[in-house]
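One-letter residues, chain by chain:
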Amino acid sequence: MPSVFITGAARRIGKGLARRFAARGWDVAVNYRRREPEALAVCRALEESYGVRALPAQADVSDPAALQAAFAAVGALAPFAVLVNNAGVFPARKAVIE
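Source: prediction; values computed, not measured. (Residues numbered from 1 in each chain as written. Predicted model: local features only at pLDDT ≥ 70, side-chain atom pairs only at ≥ 80, totals over all residues. Heavy atoms only, no water.)

A few words on the packing of aromatic side chains. Inspection of the entire model under this criterion finds four aromatic pairs. Aromatic side chains Phe5 and Phe71 sit 4.1 Å apart centroid to centroid with 15° between the ring planes, which places their arrangement in the stacked category. In this pair, Phe5 sits in strand β1 (residues 3–6) while Phe71 sits in helix α3 (residues 64–73), placing the two residues 66 residues apart along the sequence. Since its relative accessible area comes to 0%, Phe5 is described here as buried. Overall, the relative accessible area of 28% leaves Phe71 in the partly exposed class. With a centroid separation of 5.0 Å and 70° between ring planes, the pair formed by Phe21 and Trp26 is classed as edge-to-face. (Phe/Tyr/Trp six-rings, centres within 6.5 Å; stacked < 30°, edge-to-face > 60°. Helix = DSSP H or I, 4+ residues; strand = E, 2+ residues; numbered from the N terminus. Buried < 20%, exposed > 50% of the residue type's maximum accessible area, 1.4 Å probe, protein only.)

Structure follows, in structure tokens:
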């Protein structure tokens, strides 16, 4: 089966992308930074619903060493056919006019 590594896959768009890949039979590496419970739930749901392998991959994608460790942690799914860079940065909110 092909496999995909999706950054920011514990919630929102990344979670939806993980579902779409899994529905087509892809194994999925679910990257997350701080949302471990959500990432684990996504992995369980993908495995139970679609019969694919899904592994959590904790890393802040702005940290090269952490990202390398995350790829190593999900090495059972390698080689990855697709990398989806979905992780986003949400800076502190500011007023439009100060």
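Topologically, Ser3 is positioned in strand β1. Here the side chain of Ser3 touches Pro79 through a polar contact of 3.0 Å, landing on its backbone oxygen. For Ser3, the residues in contact, after removing those within four places along its chain, are Trp26, Asp27, Leu77, Pro79, Phe80, Ala81 and Val82. (Polar contact = N/O pair within 3.5 Å; in protein donor to acceptor, adjacent residues only side chain to side chain. Contact = heavy atoms within 4.5 Å.)

This next bit is on the pattern of salt bridges. For the structure on display, the rule yields two salt bridges. Where Arg53 meets Asp27, a salt bridge forms, and the shortest distance between an N and an O atom there is 3.1 Å. Of this pair, Arg53 sits in the loop between α2 (36–50) and β3 (54–58) while Asp27 sits in strand β2 (residues 27–32), and the two are 26 residues apart along the sequence. Taking relative accessible area as the criterion, Asp27 reaches 2% and is therefore assigned buried. As a salt-bridge pair, Arg35 and Glu38 come within 3.6 Å of each other at their nearest N and O atoms. (Salt bridge = Lys/Arg side-chain N within 4 Å of Asp/Glu carboxyl O.)

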